[in-house]
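# Analysis of the macromolecular model
So the chains spell out like this:
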Amino acid sequence: MPDSSATPSPRRPGQPLDALIIGAGFSGMYMLHRLRDRLGLNALVVERGGDVGGTWYWNRYPGARCDSESHSYCFAFSEELWRGWDWSQRYPDHAEIRRYMNYVAERLDLRRDIRFGTNVTACAYDEAANLWRVTVEGGEVLAARYLITGVGCLSTANVPQLPGLEDFAGQWYHTGEWPHEGVDLGGKRVGQIGTGSTGIQAAPAIAAEAAHLTVFQRTANYSSPANNQPLSAERKAWMRDNWAEIRRVMHATTNGHPFTVEDRSVHDVSDRELKEILDAAWDFGGLQFRAGFRDVLLDETANAKLAAYLKNKILEIVQDPAKARLLADIDHPYAAKRPPIDSGYFETFNRDNVDLVDVRADPIERVTPGGIRLESGREIALDVIVFATGYDALTGPLLKLNISGAGGRTLAQEWAAGPRTYLGLQVAGFPNLFTVTGPGSPSVLCNLPVPIEQHVEWIADCIAHLRAEGVSRIEPSVAAVEAWGQEVKRAADATLLSRVPHSWYLGANVPGKPRVFMPYAGGMARYRAHCDQVAARGYEGFVLRREATSDAA
Ligand code: NAP
């Protein structure tokens, strides 16, 4: 390490970069390695944060931990890199993930080509020069042949526009922008809005620290235990020694997790067998809970059996019948929204210092200087409000970059009715722009390092091909974008995923956002095979142009 099979030639002053990469999370770090160290390109990463980590640089809220198991939530492209790191727990917490990413940055010598604290304000395609001109805060403009976004899918905080928030006398925070120095919640009355994966992780940790926690629930949610625990020496050794097999499984499965989905229907087993299987899965813990059957997300009646099991668990755990009823009053199929896993979420409602407020029945009217007032007139006194209210997912981080393509057409115009991409990798009219885990790719439906690695490798191979063939521009045809959009819709409609009206997969959590199912639900393994086939057929669906262009900056 680092693998430097190619060394970039020194760049002359003013000469454009071969590639500019935005974001220093998993995507940007691996993209830099692949382009710089394998292809010998002059590549630079710009990152608004102060260090590597991407999403994990910002997500430091109480209880923040990955829901993917440690040995799968890391790079798997290099056995040497894999073997050089030991995880301490079954699921890594945010601090351990940052330590891991620092380890990768050191091992691959990435930092010398990353500019931290550099916020991109606009990206414009200069058609005449065939260059991307990227403006960063302060006004500097960087020019590059290829522009690659690695800005993550869940990095644009969604803070609801609650009237009166500006007059709140206490402090408020969004979980995705948690202060790095931490927040002292000791002795405080905390209100947490949101019960998605984040809120379900945060509530137990906040309740343990604060004087009082009020959870404002709009949509009740399923959750099953994570069963987090320290990793034994034997388990660590097993992980270290089984890189190839773990990677093979992650590449073969629908969601990129290191476990396979059982090839049986919920209807194949008796009620007694079903309970035994689900009890064992509950005790084992983790996202694997949904992997006992192939039809959980395909068949409403199969799904209903798992949903009933989980709702019953809530009623068993939560002692106060009114709270239990509210928490178990779930209106959507299990796992049709991203299924959270938890460390004592429902048990938290048995604490004396935790209340639950149903803001679907009694919506928040406004924030007052002293707390939150509901439409009924009830006022809850608070010192701190925690917004666990999610993200302007998938499109938000890209639209924030103010991208304009050929003819000055903006990405916002192109996506006014929802994102339109080919394979989630490229947008028609935006030549030489690649989006790692863009909308239309499996992304958030997967254990993210797996789709990230696949995208980065596909993009790097594509750029190598373009250079070898003397191709100067690549963009998808409008027909390919249309066809892929149909395929994304078809794949979602074949599952229960597209049937939840309030899901962020559909953009429903952000007022005014077009309701389009954004990630590709056809499965990671199938998607990978499709992308490979597209490349093997000479980049079918892409328009490749060879015209001579000026390289002048
Ligand atoms: P989310 O799933 O979008 O949940 C947001 C929550 O806030 C929902 O309960 C939502 O209610 C509520 N909410 C939003 N606006 C509200 C308003 N104005 N009033 C009341 N309630 C409001 O966001 P998230 O929990 O941050 O999770 C987002 C995604 O991040 C996850 O699905 C997952 O992919 C990822 N994530 C991963 C991990 C991990 O692996 N460690 C951890 C956390 C998150 P409604 O449901 O009614 O809209």
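Note that the structure is predicted; figures quoted are calculated from it, not measured.

Rules and cut-offs
- Residues numbered from 1 in each chain as written.
- Predicted model: local features only at pLDDT ≥ 70, side-chain atom pairs only at ≥ 80, totals over all residues.
- Heavy atoms only, no water.
- Helix = DSSP H or I, 4+ residues; strand = E, 2+ residues; numbered from the N terminus.
- Buried < 20%, exposed > 50% of the residue type's maximum accessible area, 1.4 Å probe, protein only.
- Contact = heavy atoms within 4.5 Å.
- Lys, Arg positive; Asp, Glu negative; His and termini not counted.
- Charge placed at Lys NZ, Arg CZ, Asp CG, Glu CD.
- Pairing = 2+ DSSP bridges.
- Axes fitted to C-alpha atoms, helices over the stretch in contact; angles between N-to-C directions.
- Near = heavy atom within 4 Å.
- Polar contact = N/O pair within 3.5 Å; in protein donor to acceptor, adjacent residues only side chain to side chain.
- Areas by Shrake-Rupley, 256 points an atom, 1.4 Å probe, with all protein chains shown as cover.
- Core = buried A, V, L, I, M, F, W, Y, C linked by side-chain atoms within 4.5 Å.
- Parallel < 35°, antiparallel > 145°, perpendicular 65-115°, else oblique.
- Left-handed = near helix turned anticlockwise from the far one by under 90°.

As a further point, take the overall build of the protein chain. The number of helices and strands found in the protein chain is 16 helices and 20 strands. Reported as C-alpha extents along the three principal axes, the dimensions of the protein chain are approximately 70 × 55 × 45 Å. When each of the 553 residues of the protein chain is scored for burial, the buried share is 57%. Of the contacts made within the protein chain by residues no fewer than 6 positions apart, 73% connect residues no fewer than 24 positions apart. Charged side chains of the protein chain number 58 positive and 67 negative; the gap between the two group centres comes to 2 Å.

All right, on to the sheet that holds strand β8 (residues 189-193) then. With parallel pairing, 5 strands are arranged side by side in an open sheet as β7-β16-β8-β9-β12. Edge positions in the sheet fall to β7 (171-174) and β12 (354-358), since each has one partner strand and no second. Put simply, the sheet's adjacent strands are angled 20° from each other on average, direction ignored. Alignment of β8 against strand β16 (residues 384-387), held across 4 bridges, turns out to be parallel. Paired with G191 across the bridge in β16 is I385.

Here we come to the sheet that holds strand β15 (residues 379-381). An order of β13-β14-β15 is seen for the 3 strands of this open sheet, with the pairing classed as antiparallel. Of all the strands in the sheet, just β13 (364-368) and β15 have a single pairing partner and so form its edges. Taking each pair of neighbouring strands and ignoring which way they run, the sheet shows an average axis angle of 20°. With 4 bridges joining them, β13 and strand β14 (residues 371-374) adopt antiparallel strand pairing.

Residues in close proximity to the ligand total 23 residues, the closest being R65, T198, R218, T219 and K337. In the environment of the ligand, a nitrogen atom lies 2.3 Å from a nitrogen or oxygen atom belonging to the backbone of R65. In this structure, T195 approaches the ligand through a main-chain N or O atom, which is 2.9 Å from an oxygen atom. Contact with the protein chains covers 88% of the free accessible surface of the ligand, which is 910 Å². By residue number, the principal contributor to the shell around the ligand is helix α5 (residues 197-209), which donates 3 residues.

Turning our eyes to something else, we now look at the nonpolar core. By size, the foremost hydrophobic cluster in this structure holds 82 residues, and its most contacted members are L35, Y100, I148 and W458. Examining the composition of this core, we find that 9 residues originate from one element, helix α14 (residues 449-469), more than from any other. Excluding residues that lie within four positions of it along the chain, W458 makes contacts with L425, F434, C531, D532, V534, A535, Y539 and F542. With 48 residues, the next largest nonpolar core counts A210, V266, A302 and Y334 among its residues.

Two numbers describe how helix α8 (residues 271-284) lies on helix α9 (residues 300-317): the axes approach to 11 Å, and their chain directions differ by 60°. When the interaxial angle is binned, α8 and α9 end up oblique. Every pair of crossing elements has a handedness; the one defined by α8 and α9 is right-handed. Only K305, L306, Y309, L310, K313 and I317 of α9 make contact with α8, whose side of the interface consists of D271, L274, K275, L278, D279 and W282.

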